Amino acid sequence: MKVAVIGCGTIATNQHIPAYMKNERTEIRYFCDILPERARAAAEKNGVGTVVTDYREVLRDPEVQAISVCTPNHMHAQISIDALRAGKDVLCEKPAARSYEEALAMQRAQHETGRILNIGVVNRFNDAVNMVKSFIDDGKLGEVYHVIAHFRAHRSIPGLGGPFTDKAIAGGGALIDWGVHYLDIVMYCCGDPAPVTVSGETYCRLGRDIRNYAYETMWAGPPKYDGVYDVDDSVSALIRTEGPVISVEGAWAQNIGPAETYIDFIGDKGGIRLDYGAKFTYYSSMPGGEHGALLELRPEFHMRNQFENEINAFADAVENRRRMPSHIDTFILTQRIMQAVYDSAEAHRELVLAGGRQ
Ligand SMILES: NC(=O)c1ccc[n+]([C@@H]2O[C@H](COP(=O)([O-])OP(=O)(O)OC[C@H]3O[C@@H](n4cnc5c(N)ncnc54)[C@H](O)[C@@H]3O)[C@@H](O)[C@H]2O)c1
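Not measured: the values here are computed from a predicted model. (Residues numbered from 1 in each chain as written. Predicted model: local features only at pLDDT ≥ 70, side-chain atom pairs only at ≥ 80, totals over all residues. Heavy atoms only, no water.)

Novice: Please set out unusual backbone geometry residue by residue, giving values where relevant.
Specialist: Omega for the peptide link from Lys94 to Pro95 comes to -15°, which places this bond in the cis form. Put simply, Gly221 and Pro222 share a cis peptide bond, and its omega is -5°. For Pro222, the location among the structural elements is in the loop between β8 (195-203) and β9 (234-241). At Arg321, a position not held by glycine, the phi torsion is positive, near 50°. If you trace the backbone, Arg321 turns up in the loop between α9 (306-320) and α10 (328-347). By relative accessible area, Arg321 is classed as partly exposed at 42%. Even without glycine at this site, His348 takes up a positive phi of about 55°. For His348, the position within the fold is in the loop between α10 and β15 (351-352). (Helix = DSSP H or I, 4+ residues; strand = E, 2+ residues; numbered from the N terminus. Buried < 20%, exposed > 50% of the residue type's maximum accessible area, 1.4 Å probe, protein only.)

Here's what the structure looks like:
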């Protein structure tokens, strides 16, 4: 199966490309980047593929079956829609797009063409997340009525002044870039419940003075002093769904020390704390209150590379026309919630979503 990688930056070179190279069924036919040296470096390192700078050249090649879209967010919708219309299957990095509206246009193109459009919400392929989902599906938590998601760092604004912090390019900051993973894990584990009301506030405080932002390390850095910073560096939200209520506290940067990166699933029979990117602990009590004792269980298991899981599942979906859990039809709800948080923050009031987006 011939594939192409559009955008040869961090996520492509660290994850998508190595995973395609490892998969015996996929062959990378093109490396595409508007910066030719990036595409060239990827082709040289891997010893395969043709270097191009215009993704439309890739789409014209009938041999290419599928593409990974690994560009900044502002190009996700255009490249994905053009690729679907050219008959290609698409794995587009998260978030689907800068806005719910753009994501809906992608979904429409998927429905019209019948090609595959999956979004890179890679945690749906994480072994710990999948075990949490089966604990919930098996009833080990009883009814999950509240989920608390914390993604809070002291200092982790990526590439201050670059594509991640410019709203016109990224669509938003901490929520759409980092929180998307947390929200999407909650949605996945709880069966993708429809949102009903959303109340949110976002704050653009610590990054906006680019020159005086103090930090220890910066991924996607260093700061661009002539760049733009107009996105949320922290966010707070309460989301009522047809399933559990979701509380969200997130920050790329906050003036408080320790990072908190976990999701608590609270059920009436048991609860789970999922440590983000790691394993989880299950809390309950002995059946029937036996011995008046509490239970705490930390399963040990081997966690495979989630990006390899994702790329392998994508290749399988392309070959066997299978529907993946990261299909645009499921991810669209996560994108809708993020949009509602931003819209609510702008209006400073709760939004009622039942019966359509407001
Ligand atoms: N799944 C994850 O956990 C995860 C992690 C990091 C990034 N991402 C996502 O991946 C995407 C890329 O992030 P990154 O960190 O790799 O960024 P990056 O800036 O390192 O790489 C993006 C690359 O795309 C290229 N590019 C821009 N416009 C292009 C175009 N029109 N055609 C071809 N190439 C183009 C850039 O030159 C750059 O090399 C973002 O959407 C980000 O949200 C996902």
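Novice: Break down the packing of helix α8 (residues 174-189) against α10 for me, with residues and values.
Specialist: Taken N-terminus to C-terminus, the directions of α8 and α10 make an angle of 130°; their axes are 10 Å apart at the nearest point. Classified by the angle between their axes, α8 and α10 sit oblique to one another. Considering how the two elements wind past one another, α8 and α10 form a crossing that is right-handed. Packed against α8, whose contacting residues are Leu175, Ile176, Val180, Leu183, Asp184 and Met187, the element α10 presents Phe331, Leu333, Thr334, Gln335, Ile337, Met338, Val341 and Tyr342 at the interface. Class assignment for the residues of the contact of α8 with α10 results in eleven nonpolar, two polar and one charged. (Axes fitted to C-alpha atoms, helices over the stretch in contact; angles between N-to-C directions. Parallel < 35°, antiparallel > 145°, perpendicular 65-115°, else oblique. Left-handed = near helix turned anticlockwise from the far one by under 90°. Contact = heavy atoms within 4.5 Å. Nonpolar A, V, L, I, M, F, W, Y, C, P; charged D, E, K, R; others polar.)

Novice: Can you tell me about the sheet that holds strand β2 (residues 27-32), naming the residues and giving the values?
Specialist: Read from one edge to the other, the open sheet built from six strands follows the order β3-β2-β1-β4-β5-β6, with strand pairing classed as parallel. Strands at the two margins of the open sheet, each flanked by one partner only, are β3 (50-52) and β6 (117-120). The average undirected angle you get between the axes of adjacent strands in this sheet is 20°. (Pairing = 2+ DSSP bridges.)

Novice: So, α10: which residues are in play, and what are the values?
Specialist: Compared with the 28 Å implied by 1.5 Å per residue over 20 residues, the 27 Å span of α10 between its first and last C-alpha is a close match. By the criterion of burial, α10 is predominantly enclosed, with 15 of the 20 residues buried. His348 lies just past α10 and shows a positive phi near 55°. (Expected span 1.5 Å × (residues − 1).)

Novice: Describe the state of the cysteines, listing the residues and the values that go with them.
Specialist: Any covalent bond linking the sulfur atoms of two cysteines counts as a disulfide. Under the definition given, this model contains zero disulfides. Left unpaired, Cys190 is separated from the closest cysteine sulfur, that of Cys189, by 6.4 Å. (Disulfide = S-S within 2.5 Å.)

Novice: How would you sum up the site of the ligand? Please name residues and give values.
Specialist: Around the ligand there are 23 residues in total, and Ile11, Asp33, Arg38, Asn73 and Lys94 lie nearest to it. Note that an oxygen atom of the ligand is positioned 2.6 Å from one of the side-chain N or O atoms of Asp33. Asn73 places a side-chain nitrogen or oxygen 2.6 Å from an oxygen atom of the ligand. If the ligand stood free it would expose 860 Å²; the protein chains cover 88% of that surface. Elements that contribute at least two residues to the shell around the ligand include exactly α1 (10-22) and α8. (Near = heavy atom within 4 Å. Polar contact = N/O pair within 3.5 Å; in protein donor to acceptor, adjacent residues only side chain to side chain. Areas by Shrake-Rupley, 256 points an atom, 1.4 Å probe, with all protein chains shown as cover.)

Novice: Could you give me a rundown of helix α4 (residues 76-85), with the residues and numbers involved?
Specialist: Most of α4 is tucked away: seven of the ten residues are buried. If you follow the buried residues of α4, they end up packed against β1 (2-6), α3 (55-59), β4 (64-69), β5 (89-93), α5 (100-113) and β6. Of the residues flanking the end of α4, it is Gly87, one or two places downstream, whose phi is positive at about 90°.

Novice: Kindly report on the environment of Lys94, identifying the contributing residues and their values.
Specialist: Of note, Lys94 is situated in the loop between β5 and α5. For Lys94, a relative accessible area of 13% gives the class buried. Lys94 sits 21 residues away from Asn73 along the chain, and the two C-alpha atoms are 7.9 Å apart. Here Lys94 is in contact with Asn73, His76, Ile119, Gly120, Val121, Asp177, Val180 and His181, once residues within four sequence places are set aside. One polar contact links the side chain of Lys94 to the main-chain carbonyl oxygen of Asp177, over a distance of 2.8 Å.

Novice: Which residues make up the side chain of Thr281, and what values go with them?
Specialist: Position of Thr281 relative to the elements: it lies in strand β13 (residues 280-285). A relative accessible area of 8% places Thr281 in the buried class. In terms of polar contacts, Thr281 uses its side chain to reach the side chain of Arg298, at 2.7 Å. Ignoring anything within four residues of it in the chain, the contact list for Thr281 reads Gly271, Ile272, Arg273, Glu296, Leu297 and Arg298.

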